[in-house]
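# Structural description and commentary
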Amino acid sequence: MSKSIALIGGSGFIGTNLANFFIEKEYDVLVIGRSLINKERFLSDKIKTSLIDVNHTSKLLEVIDGYDNVVWLVNNLLPSLKMDSLVDDFNLNVSPLVKFLELCKDSKMKRFIFVSSGGTIYGDSVDNNFFTENCEAKPISAYGMSKIISENYVEYITRKTNFDSYILRPSNVYGNFQNLLKPQGIIGYAFNAVLNDTTIELFGEGMVTRDFVHVFDFASAIERCIENTWAGRKVEKYNVGSQNGYTIKQIIDLIKEITDKDISTVSKPLREFDCLYNVLDISKIKNNLGWNPKIDIKDGLESVWKWMSIK
């Protein structure tokens, strides 16, 4: 099995951690981004980089030639933002993916891994049940909508190609190198509040419940996909989470305990794109690939705080 992986849209915090994870596994790693890639965060100078806009499909195909595994991490919209134009969202996030896959039909790529979003495509759980991969997608944001549309294109195009695809639906991914200047998710906001003594807006009295997965566990899920031997299926979908729900208030209380600092909050009503309860069922990836998350939430948060304290 060839050990090579290209991370398209890999300049963010998830891509950085994936690059470090796979270089330690002795993979040939390529990180592709459209803007500055912070090489100081890489564990090895063997990690290759390339600056390419994802709309330049022909250039993308050139640089990934020879890489068996390709991970698509591209997204130009934060999950919590509402776009005025769904057409703009399609042009930014869906169209580049479709163009890329269409031209990959005869490529040497063996596995395509699309990073979707378990936290936004399912919507809200009415009865607080875990979401399985068979649950109906009911996105309540443009971000979630673009993800489910992209999933459908991945599945449709893959069935006509020589490569296989995995669609991964992670819960809320957190870990080192999160952007604390423009935080994504409550963990980033809470640590940012600790560092800068700012106030957090607490929507729904802090009772919004979420599933969190450490980025290293997410990386190991991708590794299991790469190592998997297919049994005739061209496309597979997997939730990737912890299957443990934590309220936002519980997360803030844990960060208070870990940092030994208070966090000021102000209560706000739920926004139209907020789900009150969203926790993923991960039975399928456990049973099919033997994957299990290993980092519990407290240990994971402690590792983030340690990274912040020494960076």
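Here the structure is shown first, and the text comes after it.
Attention in this report is confined to the structure presented alongside it. (Residues numbered from 1 in each chain as written. Predicted model: local features only at pLDDT ≥ 70, side-chain atom pairs only at ≥ 80, totals over all residues. Heavy atoms only, no water.)

### Digging into the packing of helix α2 (residues 57–64) against helix α3 (residues 86–103)
To be explicit about the condition: Helix axes are fitted only over the stretch in contact, all axes being lines through C-alpha atoms; the angle between N-to-C directions runs from 0 to 180 degrees. The helix count covers DSSP runs of H or I at least four residues long, the strand count covers runs of E at least two residues long, and both are numbered beginning at the N terminus. To sort the angles, those under 35 degrees are grouped as roughly parallel, those over 145 as roughly antiparallel, those from 65 to 115 as roughly perpendicular, and the leftovers as oblique. Working rule for handedness: look at the near helix, and if it is turned counterclockwise from the far one by less than a right angle, call the crossing left-handed; if clockwise, right-handed. Contacts are residue-level and defined by heavy atoms, with any inter-residue pair within 4.5 Å sufficient. Three classes are used, and their members are as follows: Ala, Val, Leu, Ile, Met, Phe, Trp, Tyr, Cys and Pro are nonpolar, Asp, Glu, Lys and Arg are charged, and the others, Gly among them, are polar.
Interaxial distance between α2 and α3 falls to 10 Å at its minimum, and their mutual angle equals 55 degrees. As judged from the angle between their axes, α2 and α3 are oblique. Remark: the crossing between α2 and α3 carries right-handed chirality. The residues of α3 that touch α2, namely those facing Thr57, Leu60, Leu61 and Ile64, are Lys99, Phe100 and Leu103. A class-by-class count of the residues in the contact of α2 with α3 yields 5 nonpolar, 1 polar and 1 charged.

### Some thoughts on the layout of surface pockets
Rules: A 1.4 Å probe that fits into a set of points on a 1 Å grid over the protein atoms alone but cannot get out defines a cavity; an open set with protein on both sides within 12 Å along at least five of seven lines defines a pocket, and lining residues are those with an atom within 4 Å of a point. Grid points are joined across faces, edges and corners, and a volume is the space filled by probe spheres set on the points.
For the second largest pocket, the calculated volume is near 160 Å³. If you trace the second largest pocket, you find it lined by Asn17, Asn20, Phe21, Glu24, Arg41, Leu43, Asn176, Phe177 and Phe216. A per-element tally of the lining of the second largest pocket places helix α1 (residues 13–24) first, with 4 residues. Grouping the amino acids of the lining of the second largest pocket by side-chain chemistry returns 4 nonpolar, 3 polar and 2 charged.

### Digging into the pattern of salt bridges
Threshold: For this analysis, a salt bridge means a side-chain nitrogen from Lys or Arg found within 4 Å of a carboxyl oxygen belonging to Asp or Glu. Type-normalised accessible area, obtained with a 1.4 Å probe on protein chains alone, sets the label of each residue: buried when under 20%, exposed when over 50%, and partly exposed for intermediate values.
For the structure on display, the rule yields 11 salt bridges. Measuring nitrogen to oxygen at the nearest pair gives 3.7 Å for the salt bridge that ties Lys25 to Glu223. Taken as a pair, Lys25 in the loop between α1 and β2 (28–33) and Glu223 in helix α7 (residues 215–227) lie far apart in primary sequence, 198 residues in all. Residue Lys25 is classed as partly exposed on the basis of its relative accessible area, which comes to 33%. Note that Lys298 and Glu257 form a salt bridge whose closest N and O atoms lie 2.8 Å from each other. Residue Lys298 is found in helix α10 (residues 297–310), and its partner Glu257 is found in helix α8 (residues 248–259); the two are separated by 41 residues along the sequence. Since its relative accessible area comes to 32%, Lys298 is described here as partly exposed. A cluster of three or more residues bridged by salt bridges with shared partners is formed by Glu155, Arg159 and Lys237.

### Regarding the packing of aromatic side chains
To keep it simple, the criterion reads: Note on aromatic pairs: the rings of Phe, Tyr and Trp (six-membered ring only in Trp) are paired at centre separations within 6.5 Å, and the planes decide the class, stacked below 30 degrees, edge-to-face beyond 60, tilted for the rest.
This structure, assessed with the given rule, holds 10 aromatic pairs. Plain terms: the ring middles of Phe22 and Tyr27 are 4.9 Å apart, the flat faces sit at 75 degrees to each other, and that makes the pair edge-to-face. The same class applies to Phe22 as to Tyr27, namely buried. Here Phe177 and Trp307 contribute two aromatic rings whose centre-to-centre distance is 5.5 Å and whose plane-to-plane angle is 75 degrees, an arrangement assigned as edge-to-face. In this pair, Phe177 sits in the loop between β7 (172–174) and α6 (186–196) while Trp307 sits in helix α10, placing the two residues 130 residues apart along the sequence. Here the two residues Phe177 and Trp307 agree in accessibility, since each one is buried.

### As for the state of the cysteines
Among covalent bonds in proteins, the disulfide is the one between the sulfur atoms of two cysteines. What counts, and what does not: Working definition: a disulfide is two cysteine sulfur atoms within 2.5 Å of each other.
All told, the structure shown has 0 disulfides when counted by the stated rule. Between Cys225, a cysteine without a disulfide, and Cys104, which holds the nearest cysteine sulfur, the sulfur-to-sulfur distance is 18 Å. This cysteine, Cys275, is not joined by any disulfide, and Cys135 carries the nearest cysteine sulfur, 13 Å off. Using a relative accessible area of 3% as the deciding quantity, one classes Cys275 as buried.

### Concerning unusual backbone geometry
Phi angles above zero are rare outside glycine, and Phe177 is one such case at about 75 degrees. By relative accessible area, Phe177 is classed as buried at 14%.

### Observations concerning the sheet that holds strand β5 (residues 111–115)
Applicable threshold: Two strands make a pair as long as DSSP finds a minimum of two bridges between them.
Taken together, 7 strands build an open sheet; the order of strands is β3-β2-β1-β4-β5-β6-β10 and the sheet is parallel. Of all the strands in the sheet, just β3 (48–51) and β10 (235–240) have a single pairing partner and so form its edges. When strand polarity is set aside, the average angle formed by the axes of neighbouring strands in this sheet is 20 degrees. Bridge count for β5 against strand β6 (residues 164–170) is 5 bridges, and the pairing is parallel. Looking across to β6, one finds that Arg111 is bridged to Asp164. α7 rests against β1 (4–8), β4 (69–72), β5, β6 and β10 of the sheet, and its axis sits at about 150 degrees to β5.

### Structural notes on the environment of Glu272
Position of Glu272 relative to the elements: it lies in the loop between β12 (264–268) and β13 (277–278). Classification of Glu272 as exposed rests on a relative accessible area of 60%.

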